[in-house]
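Fold and geometry: a report
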Amino acid sequence: MSIITNINKVFDHRIRLGIMSILMVNEYADFNTLKELLGATDGNLASHTKALEKADYISVEKQFIGRKPNTRYATTKLGRVAFNKHIEALEKLINTK
Amino acid sequence: MEPKDYLKDISEIKQLMNKSSRFISLSGLSGILAGIYAIIGAAVAYWLVMNYSNGTLLLNGEIFRWILLDLALVALFSIITAVIITTRKAKKQGEKIWDGTSRRLVFNFLIPLVSGGLYILIILNQQKYGQTGALMLIFYGLALINASKYSIGNIRYLGFIEILLGLISAVIPGYGFWIWVLGFGVMHIIYGTWMYLKHDSKE
């Protein structure tokens, strides 16, 4: 049962998993970069970043570049640990079946 | 979710990690052109030495200064070509050329290259020029390997080959010129063609 409990419900969605994957290997990524890479709509991406932010897995930094607002995302330590656990759980699940 | 979906998840994670963190716009075409410039540059140097310097090269001679200029032009044209082609390609794909990934790529590429370049200039000033070709190959190889962490494609292997050629060239300095042509000319063309067939031609 312990394998199943490590599967993280927060990551149980393509877009959220995608956001975490990108942020794990980049210091940060802004909203538009995530949008392009994931092929998500504004609203869809916003709701998923919010969910990850709520879980304290990513941090959000809003700033202005010239006059344009720019939102940057980065993983938190908690998020990185949770993501690694999730990946391990996925691997175990695949290997045991 | 079925196990099939988990597998798909993992492959998607991997793909996104690669796509987002590596500078994918380096083009094979710029590699091919860099190789051609190197061969033209080497041919010019060969011609200069054979016709104006009796087949030998004096470090303080005028011909030597022309050859240094020749080398600098090869490097300059290669860089300009790479920048132009990469910018055009990135624009076409709607990517940003100067983002965190490309900055890291260039910075890590320059660390071994600039150290090596300065070292070569220093020992040239001390009249030790027998190993110049070998040193250029070795430091260039190290630069490629250092940059490979930030780029897709296998410049890492190109780096290993350049280092190997550099070491061989150090053992047999008499063939230094030809090994230089092999390393900077032929290898770039082979590598560029391979990259072109693998990535660019699919577009």
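So, how was this worked out
- Residues numbered from 1 in each chain as written.
- Chains lettered and ligands numbered in written order.
- Predicted model: local features only at pLDDT ≥ 70, side-chain atom pairs only at ≥ 80, totals over all residues.
- Helix = DSSP H or I, 4+ residues; strand = E, 2+ residues; numbered from the N terminus.
- Buried ≥ 20, exposed ≤ 12 C-beta atoms within 10 Å, placed from the backbone.
- Contact = placed C-beta atoms within 7 Å.
- Nonpolar A, V, L, I, M, F, W, Y, C, P; charged D, E, K, R; others polar.
- Pairing = 2+ DSSP bridges.
- pLDDT = per-residue confidence, 0-100.
- UniProt positions renumbered as here; feature names shortened; annotations may be inferred.
- Core = buried A, V, L, I, M, F, W, Y, C linked by C-beta atoms within 7 Å.
- Expected span 1.5 Å × (residues − 1).

1. Focus: the overall build of chain B
Broken down by element type, chain B carries seven helices and zero strands. The order of α-helices and β-strands along chain B, N terminus first, is α-α-α-α-α-α-α. With 203 residues in all, chain B has 35% of them scored as buried. Sequence separation of 24 or more characterises 71% of the internal contacts of chain B that already satisfy a separation of 6 or more.

2. Here we look at the overall build of chain A
For chain A, the helix and strand inventory stands at five helices and three strands. When the elements of chain A are put in sequence order from the N terminus, they spell out α-α-β-α-α-β-β-α. Looking at the 97 residues of chain A, the share that counts as buried comes to 27%. A fraction of 58% describes how many contacts in chain A between residues 6 or more apart in sequence connect residues 24 or more apart.

3. Here we look at the interface of chain A and chain B
Taken residue by residue, the interface counts 14 residues in chain A and 13 residues in chain B. Where the side of chain A that touches chain B is concerned, the elements lending two or more residues are helix H2 (14-25) and helix H5 (77-96) of chain A. Looking at the side of chain A that touches chain B, the element that brings in the most residues is H2 of chain A, giving six residues. A per-class count over the side of chain A that touches chain B returns nine nonpolar, three polar and two charged.

4. Focus on the pairing of strand S2 (residues 58-65) of chain A
Across eight bridges, the pairing between S2 of chain A and strand S3 (residues 68-75) of chain A is antiparallel. Its bridge partner being in S3 of chain A, Phe 64 of chain A is matched across the sheet by Pro 69 of chain A.

5. A closer look at the confidence of the model for chain B
As a general rule, the predicted coordinates of low-pLDDT regions are not to be interpreted in detail. All names here are of chain B. Taken over all residues, the pLDDT of chain B has a mean of 83, while the share at 70 or more is 84%. Mean pLDDT across the elements of chain B ranges from a minimum in helix H1 (residues 3-21), with 76, to a maximum in helix H6 (residues 155-171), with 94. Scoring of the predicted complex yields 0.65 for pTM and 0.73 for ipTM.

6. Focus: the UniProt feature "transmembrane region" (unreviewed entry) in chain B
Residue and element names in this part refer to chain B. Per the UniProt entry, the sites bearing "transmembrane region" (unreviewed entry) are residues 23-48, 63-85, 105-123, 129-147, 154-172 and 178-197 in this numbering. Across residues 63-85, helical content stands at 100% and strand content at 0%; the span's end C-alpha atoms are separated by 33 Å. Secondary structure within residues 178-197 divides into 100% helix and 0% strand; the distance between the first and last C-alpha atoms comes to 27 Å.

7. Examining the sheet that holds S3 of chain A
All names here are of chain A. Across the sheet, three strands lie side by side as S1-S3-S2; this open sheet has antiparallel pairing. If you trace the sheet from one side to the other, it starts and ends with strand S1 (29-30) and S2, each paired once. Of the pairings in the sheet, the one linking S1 to S3 comprises two bridges and is antiparallel in character. Considered in S3, the bridge of Ala 29 is made with Tyr 73.

8. Some remarks on the nonpolar core
Residues and elements named next belong to chain B. In terms of nonpolar packing, the biggest core is built from 35 residues, with Leu 137, Ile 138, Phe 139, Ala 143, Leu 144 and Ala 147 touching the most fellow members. Within the residue set of this core, elements represented by two or more residues are helix H2 (28-52), helix H3 (62-92), helix H4 (100-125), helix H5 (132-147), H6 and helix H7 (176-198). No other element matches H5, which puts twelve residues into this core. Here Phe 139 is in contact with Pro 112, Leu 113 and Gly 116, once residues within four sequence places are set aside.

9. Considerations on H2 of chain A
In an α-helix, one turn spans 3.6 residues; hence positions three or four apart end up facing the same way. Over its twelve residues, H2 of chain A runs 17 Å from end to end, which matches the ideal 16 Å to within 8%, given 1.5 Å per residue. For H2 of chain A, the set of buried residues is Arg 16, Leu 17, Gly 18, Ile 19, Met 20, Ser 21, Ile 22 and Leu 23 of chain A.

10. Quick notes on the confidence of the model for chain A
On average, residues of chain A score 85 in pLDDT, and 94% of them reach the 70 mark or higher. Of all secondary-structure elements in chain A, the lowest mean pLDDT belongs to helix H1 (residues 2-6) of chain A, at 59, while helix H4 (residues 42-54) of chain A reaches the highest, 93.

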